[in-house]
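Results of the structural survey
Listed below are the residues making up each chain.
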Amino acid sequence: MSLFKKVSTSSPHPIENISIQRLVPKCKEWKIDTLYVTTSKKCNYCGSYNDKVYSLYGWNKKYPKIPDLLLKQKCSECGVSISASIYQPGINTPIKRK
Ligand SMILES: [Zn+2]
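Note that the structure is a prediction, hence the values are computed from the model and not measured.

Take unusual backbone geometry next. Its identity as a non-glycine residue notwithstanding, Lys31 has a phi of 60°, on the positive side. In this fold, Lys31 is placed in the loop between helix H2 (24–30) and strand S1 (34–38). Judged by its relative accessible area of 64%, Lys31 is exposed. Phi is positive for Asp51, which is not a glycine, with a value near 60°.

The structure is reproduced here in structure tokens:
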């Protein structure tokens, strides 16, 4: 009997966000997991994640791994939908904020 029989293939944090779910096949095809995320600018909770780039699976070490709250469909505080698009380094550039 093998102790290693149960190999979990499911993600520990399921992606509930449809906007991100749609990008998953492309991420795998293009081998790119960097996502440009937009949330509510006004919200104290999700606003700090607005206009930022995250790594969905941790493939790209230049960017932080996406926080669990961005995998939700909406912000639990303000109810604004969280949206994402694939960020291709060197091809599209996010708005720089200083
Ligand atoms: Zn919010």
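Another point: the pairing of S1. Counting buried residues along S1, four of its five residues qualify, which places the element largely inside the surrounding structure. Both S1 and strand S2 (residues 52–55) contribute to a ladder of four bridges, which runs antiparallel. Across the sheet, Thr34 pairs through a bridge with Ser55, a residue of S2. Where S1 lies against strand S3 (residues 83–86), four bridges are found, and the strand directions are antiparallel. By the bridge assignment, Leu35 is partnered in S3 with Ile86.

In this structure the tally under the stated criterion is one salt bridge. Residues Glu16 and Lys72 are paired through a salt bridge, measuring 3.4 Å at the closest nitrogen-oxygen approach. Taken as a pair, Glu16 in the segment before helix H1 (18–21) and Lys72 in the loop between S2 and S3 lie far apart in primary sequence, 56 residues in all. The class for Lys72 is partly exposed, based on a relative accessible area of 39%.

Below, the discussion takes up the coordination of the zinc ion. A four-donor tetrahedral metal ideally has 109.5 degree angles, and a six-donor octahedral metal ideally has angles of 90 or 180 degrees. Looking at the zinc ion, one finds its protein donor set to be Cys43 (SG), Cys46 (SG), Cys75 (SG) and Cys78 (SG), positioned 2.2 to 2.3 Å from the metal centre. Each donor residue of the zinc ion belongs to the same chain, and together they define the spacing C-x2-C-x28-C-x2-C. In this pair, Cys46 sits in the loop between S1 and S2 while Cys78 sits in the loop between S2 and S3, placing the two residues 32 residues apart along the sequence.

Turning our eyes to something else, we now look at the sheet that holds S3. The strand order across the open sheet built from three strands is S2-S1-S3, with neighbouring strands paired in antiparallel fashion. Every other strand in the sheet has two partners, leaving S2 and S3 as the edge strands with one partner each. Across the sheet, the axes of successive neighbouring strands diverge by a mean angle of 35°, strand direction being ignored.

Reading guide: rules and limits
Residues numbered from 1 in each chain as written. Predicted model: local features only at pLDDT ≥ 70, side-chain atom pairs only at ≥ 80, totals over all residues. Heavy atoms only, no water. Helix = DSSP H or I, 4+ residues; strand = E, 2+ residues; numbered from the N terminus. Buried < 20%, exposed > 50% of the residue type's maximum accessible area, 1.4 Å probe, protein only. Pairing = 2+ DSSP bridges. Salt bridge = Lys/Arg side-chain N within 4 Å of Asp/Glu carboxyl O. Donors = N, O, S within 2.8 Å, 3.2 Å for Na, K, Ca; no water. Axes fitted to C-alpha atoms, helices over the stretch in contact; angles between N-to-C directions.

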